[in-house]
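These are the residues of each chain, in order.
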Amino acid sequence: RNPRCCVAGADRCMFIQRVLLGLLACSTSAQHISNRHTRQHLVYLNEAWHLSDAGRQLLMPDVLTESLLQSWGSDGSNSGADYTEGVLVHWTSGFFGNVRAKQLTAEQCEIPCGQATYPASQATVDRADVLVSFPIAEAPPKNKRGAPALAFTMEAAGLYGSGNSFRYDGTSNVSVLSTVPWPYFGLNSWREIQQRYRGPERDRLFPGFKDRLPAAVFVARNCNGVLRNAMVMELAKRGVPIHSVSDCAPGGTRQAWPSDVPREDKLGLLRKYRVYLALENAVQESYVSEKAIDGFAAGAVPLYMGAPNAADYVPESFISANAAALASWQAKSQAYDALAEKVKAALHDEGTWQGYMA
């Protein structure tokens, strides 16, 4: 698609269309806005359906024509919610199953909105203001009113049909530059970590250097990541003690999950170790998952391999593994040697470890 730019005074341009076409419709405006996204200006929130700065910049309050929102049942009838101003969101393939119709709170959506049920009748589909596709179908969904289609994913590029995103009116993914950013964590997450660190349970939640195992912990259920597996094996080969405590244990690094930590308590596990191998499934711009914040939340030094712009999302108090992971064959051995020495220093020297905690 090549959507036209909505201009001031065009009262037929609906509010949500202006939002979702934010990054795609106006090339000159989008370029101007993207230049403003320096690290200092990246502000993202912890809940869904918060608009990107790019989308917000294209809004003209004098031409907004918000539609009436009503929460619809699967038969297209009123499910009991009162009429209110807002935008009706419909997940065209559900979200890992059925979706319940409900009004979204102000914390969940910064504009008045709600979600329709799935499965839905054709009447409900045609009533929707936004059609969200996940997995991302090759052909964007449509309805009678011409609602914009949004390509949604929280996975790395290439999965769940993300290669079809360019066909859609807008995107919603973990990048703060997507039309509707949907990150794994946000500013509220950091505030919560700071509050816990300053609270009465600090010693339990953030054990000191001497109370942790002098090893790096690796947690992964599958072994499909080639770069990730190579990272674990190369570090282990260079003498870095690594405990792989889940299903994936590359290069003979398997260790048992600690018996005193429940299986579902990942942060409890990380609190036992000085270093956490936070290795993404893919090295892609702006693909930053919960792995990037888990080490900070448990007080373990993260060794991070993933998004080149990770410092736009987390403090730079981590050991970057990207140089070794992406080095040429000629330089790879030397790069891994240097990385292994950094990890060993964090494992065995309290001053170095504390330096990452500052």
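Reading guide: rules and limits
- Residues numbered from 1 in each chain as written.
- Predicted model: local features only at pLDDT ≥ 70, side-chain atom pairs only at ≥ 80, totals over all residues.
- Heavy atoms only, no water.
- Helix = DSSP H or I, 4+ residues; strand = E, 2+ residues; numbered from the N terminus.
- Buried < 20%, exposed > 50% of the residue type's maximum accessible area, 1.4 Å probe, protein only.
- Contact = heavy atoms within 4.5 Å.
- Areas by Shrake-Rupley, 256 points an atom, 1.4 Å probe, with all protein chains shown as cover.
- Pairing = 2+ DSSP bridges.
- Disulfide = S-S within 2.5 Å.
- Axes fitted to C-alpha atoms, helices over the stretch in contact; angles between N-to-C directions.
- Polar contact = N/O pair within 3.5 Å; in protein donor to acceptor, adjacent residues only side chain to side chain.
- Phe/Tyr/Trp six-rings, centres within 6.5 Å; stacked < 30°, edge-to-face > 60°.
- Lys NZ or Arg CZ within 6 Å of the ring centre and 35° of its normal.

### Brief notes about the overall build of the protein chain
Within the protein chain one finds 12 helices and 13 strands. Every one of the 358 residues in the protein chain was classed for burial, and the buried ones make up 52%. For the protein chain, restricting intrachain contacts to residue pairs at least 6 apart in sequence, the fraction spanning at least 24 positions comes to 62%. With the model as given, the accessible surface of the protein chain reaches about 17,100 Å², and the carbon-plus-sulfur share is 51%.

### Some points on the sheet that holds strand β7 (residues 149-152)
Spatial ordering of the open sheet is given by β4-β5-β3-β6-β7-β8, a layout of six strands whose pairing is mixed. Sheet topology places β4 (102-103) and β8 (170-172) at the edges, where each strand pairs with a single neighbour. In terms of strand pairing, strand β3 (residues 87-91) meets strand β6 (residues 130-133) through three bridges, oriented parallel. Among the inter-strand pairings, W91 is bridged to a residue of β6, identified as V132.

### Topic: the state of the cysteines
Cysteine pairs can be covalently joined through their sulfur atoms, and such a bond is termed a disulfide. In the structure shown here, the tally under the stated rule is one disulfide. In this model C223 forms its disulfide with C248; the gap between the sulfur atoms is 1.9 Å. On the sign convention where negative means left-handed, the S-S torsion of about 110° between C223 and C248 marks this disulfide as right-handed. Separated by 25 residues along the polypeptide, C223 in the loop between β9 (213-218) and α7 (226-237) and C248 in the loop between β10 (242-244) and α8 (266-270) bring together distant segments of the chain.

### Some thoughts on the sheet that holds strand β13 (residues 319-320)
Within the open sheet, the five strands sit side by side as β10-β9-β11-β12-β13. Their pairing is parallel. On the outer flanks of this sheet lie β10 and β13, each paired with one strand and no other. Here α7 sits on the sheet and contacts β9, β10, β11 (273-279) and β12 (301-305); the angle it forms with β11, its principal contact strand, is near 145°.

### Here's the deal with the environment of L159
With respect to the helices and strands, the residue L159 is situated in the loop between β7 and β8. Judged by relative accessible area, L159 falls into the partly exposed class, the value being 40%. Sequence spacing of L159 and P135 is 24 residues, and the spatial spacing of their C-alpha atoms is 8.6 Å.

### Thoughts on the side chain of S244
Mapped onto the secondary structure, S244 falls in strand β10. You can call S244 buried: its relative accessible area is 0%. Polar side-chain contacts of S244 include one of 2.6 Å to the side chain of T253. Leave out the neighbours within four places in its chain, and S244 touches F218, V232, A249, P250, T253, R254 and Q255.

### Regarding the environment of Y336
Tracing the backbone shows Y336 in helix α11 (residues 329-348). As for Y336 and K237, which are separated by 99 residues in sequence, their C-alpha atoms are 10.0 Å apart.

### What about the packing of aromatic side chains?
Any aromatic ring pair is given by two values, namely how distant the centres are and how the planes are angled relative to each other. Under the counting rule described, the total for this entry stands at 15 aromatic pairs. With a centroid separation of 5.8 Å and an interplanar angle of 40°, the aromatic rings of F95 and F134 are classed as tilted. With a gap of 39 residues between them, F95 in the loop between β3 and β4 and F134 in the loop between β6 and β7 connect regions that are remote in the sequence. The class for F134 is buried, based on a relative accessible area of 5%. Between F152 and W182, the ring centres sit 4.7 Å apart and the planes meet at 75°, which makes this aromatic pair edge-to-face. Here W182 lies in the loop between β8 and α5 (187-198) and F152 lies in strand β7, a separation of 30 residues in the sequence. Residues F152 and W182 agree in their burial class; the two are buried. By way of ring pairs, the aromatic residues W91, F95, F96, F134, F152, Y160 and W182 are connected into one cluster. The side chain of R274 reaches across the aromatic face of F209, ending 3.6 Å from its centre.

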